[in-house]
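# Tertiary structure, described
Residues per chain are reported as follows:
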Amino acid sequence: MPAHAMRPLLEEAENIRAFLQEEGIASGARLLDVPCGIGRRATGLAEAGYEVVAVDPNEIAIAAAKGRVPPAIGDRLTFASAPRETLPGLPSNATFDAVLCLDHALGRGPGSDDVAFLRRLSKHIRPEGLLVVDLLNRDFFASRQRPFAFHTIGSVEQHEFRSFDPTTGVLRLEWKFYERVGADLKHRTGSSAELTLLTPRDLAAVLDQSGWKMNALWSGWRREPLSADHRKLMVTARPARTSP
Amino acid sequence: MSEGHWTETLFLRHPEVFLAVHENAWSTGEAQAKDLQRILERFHVPAGGRILDAPCGIGRHGTRFAKMGYHVVGVDLSPTFVERARELADREGVAARATYRVGDLRRLSESVLGSIGAFDAAVNLWTSLGYYDEETDVRILQEYAKLVRPGGILIVYIVNRDYVVRHFDPQGYESFGDIVHIEQRHLDLATSRMQNEWRFFRRNGEDLDHILTTPIEHCIYSLHDLQRLLVRGGWSVVEAFGGFKMDPPSIDSPTQLVVGRR
């Protein structure tokens, strides 16, 4: 997915910081951000004083992110890449106060094994630590037929086509990117993604199978109550007491 | 109305674009006309009776009515659509029972001179009210009332404001033939006016070559608004439905169909 397509899904580091603060995870705590994409959020959180390890399967994005780390926060921000099926790919002694798993990092395509991924993440959480997951909200897409949207970013016009299949829970997104030349639209590139969307119940089951206990559900970083009116589904979880 | 009104842009200055929209919808007319026939019969419009179809576009419904044996006069603002309606009526072998002419809804009785009180029924379909202001809509409904005989009916079929509010989708995309239509929508809740921008493109490989951009501004009505409007236009409301299938009105129905009696 191109970085600018993800932009509407990205939350500002400030919202996350405020959210974590209220959870008792203050500046100075250790955060794991996986997958981190191009590292914009991780950089913001390191600037806010957190010690951040950020991992993504996209080596190109990680190489670019490493090159952009501001020197002032170089000692608090570490980027690494790892293959998707081994994420986060960190040594077993790396532990964190919070693990952020954001921008619909679960249900990515038919081959994604969410239980195995979440189980690997559970090995890196401290006993009182917190997992934060945000996903596209299945109930929002199931109850609102909005098959198309367009956005303009400078001279680029992005067309987004959406189709949700309620029998499989798969949201298919297709993007076409055009350059505006006068009033004409010159096609430049396109991409697509198939995302499996989960209900809160599905999500609780996945967490349960992977060494986590669901803690709370929200519709956004400002703790909006769970609702089909929000595009986002957020969940926090704690490590299950009895580690298998 | 000023020369710059969007109806003139879309129907007079660039009719080829909306002609493609009509052509794309042509095939849907068959089943819709059959549904409408049930409504005409329910309200005692006689077989072979006279029907005014305005605005008629390319005769998607009118020509089907003629095939059922009704005598149809269709009126549309666009000479391009009227010409195409005549061609299609001819092709379907019903030119003798379907007459198409150019005219403006606001002066409908002038377009169909000599037909005062001549029609058993009139139809206004596909959200063809609300293009001007409310007083103009009342005058348009009065124009239909001049042309329909006492006891005859008017069928108005338009988008349902309540549905639009409940299911508002700010952007739309349609593709038919090589034409792509992209819509940006805004609803002013205070005035019930849709303030849309329509862009039309022609596919050129993967590129979209721009044809036309036009604002589309029109008023959308809730069922109570529409019923009150019919009464002001000289009609008594006899029944309201969600659509062609005579399903009950609902805020979850995208459309509403109201039958008025003269």
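Residues numbered from 1 in each chain as written. Chains lettered and ligands numbered in written order. Predicted model: local features only at pLDDT ≥ 70, side-chain atom pairs only at ≥ 80, totals over all residues.

Before going further, it helps to spend a moment on the overall build of chain A. If you tally the helices and strands in chain A, you get seven helices and 11 strands. Its C-alpha atoms give chain A a radius of gyration of 18 Å, near enough to 18 Å, the size a compact globule of 244 residues would have. Seen through its C-alpha atoms, chain A measures out along the principal axes to roughly 55 × 45 × 30 Å. By residue count, 36% of the 244 residues in chain A fall in the buried class. A separation threshold of at least 6 residues defines the contact pool for chain A, and within that pool the share at least 24 residues apart is 62%. (Helix = DSSP H or I, 4+ residues; strand = E, 2+ residues; numbered from the N terminus. Rg over C-alpha atoms; globule rule 2.2 N^0.38 Å. Buried ≥ 20, exposed ≤ 12 C-beta atoms within 10 Å, placed from the backbone. Contact = placed C-beta atoms within 7 Å.)

Turning to the pairing of strand 8 (residues 170-181) of chain A, a few remarks are in order. Residues and elements named next belong to chain A. Where strand 7 (residues 156-165) lies against strand 8, 10 bridges are found, and the strand directions are antiparallel. Bridging across to strand 8, Ser163 finds its partner in Arg172. Taking the residues that link successive antiparallel strands as the turn, the strand 7-strand 8 hairpin has four residues, and the phi of Gly169 there is positive, at about 75°. Pairing analysis gives 12 bridges linking strand 8 to strand 9 (residues 184-196), with the strands arranged antiparallel. The residue bridging Glu179 from the neighbouring strand is Lys186, located in strand 9. Joining the antiparallel neighbours strand 8 and strand 9 is a turn of two residues, in which Gly182 adopts a positive phi near 60°. (Pairing = 2+ DSSP bridges.)

Our next topic: the nonpolar core. A general tendency of soluble globular proteins is for nonpolar side chains to be buried together. Counting 58 residues, the largest nonpolar core has A:Leu31, A:Val52, A:Ala98, A:Val99, A:Cys101 and A:Leu131 as the members making the most contacts within it. Residue contributions to this core peak at seven residues, all from strand 5 (residues 125-136) of chain A. Inspection of this core shows a minimum of three residues originating in each of domain 1 (3-137 + 197-239) and domain 2 (139-195) of chain A. Excluding anything up to four places from it in sequence, A:Ala98 contacts A:Leu20, A:Ile25, A:Ala29, A:Leu31, A:Gly129, A:Leu130 and A:Val132. Listed in part, the 57 residues of the second largest apolar core include B:Ala33, B:Val148, B:Leu230 and B:Leu257. (Core = buried A, V, L, I, M, F, W, Y, C linked by C-beta atoms within 7 Å. Domains from an automatic or database assignment.)

Here we come to the packing of helix 2 (residues 15-25) of chain B against helix 5 (residues 79-91) of chain B. For any two helices packed against each other, one specifies the crossing angle of their axes together with the interaxial distance. Residues and elements named next belong to chain B. Look at helix 2 against helix 5: their axes get within 9 Å of each other, and the N-to-C directions meet at 40°. Considering the angle they form, helix 2 stands oblique to helix 5. By crossing handedness, the relation of helix 2 to helix 5 is classed as right-handed. Touching Pro15, Leu19 and His22 of helix 2 are Thr80, Phe81 and Arg84, all from helix 5. Class assignment of the residues belonging to the contact of helix 2 with helix 5 gives a composition of three nonpolar, two polar and one charged. (Axes fitted to C-alpha atoms, helices over the stretch in contact; angles between N-to-C directions. Parallel < 35°, antiparallel > 145°, perpendicular 65-115°, else oblique. Left-handed = near helix turned anticlockwise from the far one by under 90°. Nonpolar A, V, L, I, M, F, W, Y, C, P; charged D, E, K, R; others polar.)

Residue and element names in this part refer to chain A. Taken together, seven strands build an open sheet; the order of strands is 3-2-1-4-5-11-10 and the sheet is mixed. Either end of the sheet is taken by a strand with one partner, and the two such strands are strand 3 (77-81) and strand 10 (212-218). Mean inter-strand twist for the sheet, computed between neighbouring axes without regard to direction, equals 20°. In this sheet, strand 2 (residues 51-56) lies alongside strand 1 (residues 30-33) in parallel orientation, the contact comprising four bridges. In the strand pairing of strand 2, Arg30 is matched with Glu51. The strands that helix 3 (residues 40-47) touches are strand 1, strand 2 and strand 3; relative to strand 2, the one it contacts most, it runs at about 175°. Seen against the sheet, helix 4 (residues 59-67) touches strand 2 and strand 3 and runs at an angle of roughly 155° to strand 3.

Moving on to the confidence of the model for chain A. On average, residues of chain A carry a pLDDT of 91, and 93% of them reach 70 or more. For residues 1-10 of chain A, every residue scores under 50 in pLDDT, and the model assigns this stretch 16 contacts once sequence neighbours within four places are set aside. (pLDDT = per-residue confidence, 0-100.)

Okay, the interface of chain B and chain A next. Listed as interface residues are 12 residues of chain B and, on the opposing side, 11 residues of chain A. Contributions of two or more residues to the side of chain B that touches chain A are made by strand 6 (171-176) and strand 10 (207-219) of chain B. When residues of the side of chain B that touches chain A are assigned to their parent elements, the largest contribution, five residues, is made by strand 10 of chain B. Its residues assigned to classes, the side of chain B that touches chain A comprises four nonpolar, four polar and four charged.

Turning next to the domain arrangement of chain A. Residue and element names in this part refer to chain A. According to the domain assignment, chain A contains domain 1 (3-137 + 197-239) and domain 2 (139-195). Once you take the C-alpha centre of each, domain 1 and domain 2 turn out to be 25 Å apart. With 13 residues of domain 1 in contact, the opposing surface of domain 2 contributes 11 residues.

In this section: helix 9 (residues 223-232) of chain B. Given 3.6 residues to a turn, an α-helix orients residues that are three or four positions apart in the same direction. Residues and elements named next belong to chain B. Among all positions in helix 9, only Leu223, Leu226, Leu229 and Leu230 are buried. Within helix 9, the buried residues cover an arc of 125° as seen down the axis, which keeps them to one side. Contacts made by the buried residues of helix 9 are with helix 7 (134-147), strand 5 (148-159), strand 11 (236-241) and strand 12 (255-261). After helix 9 finishes, the residue Gly234 shows a positive phi value of roughly 95°. (Arc of directions from axis to C-beta.)

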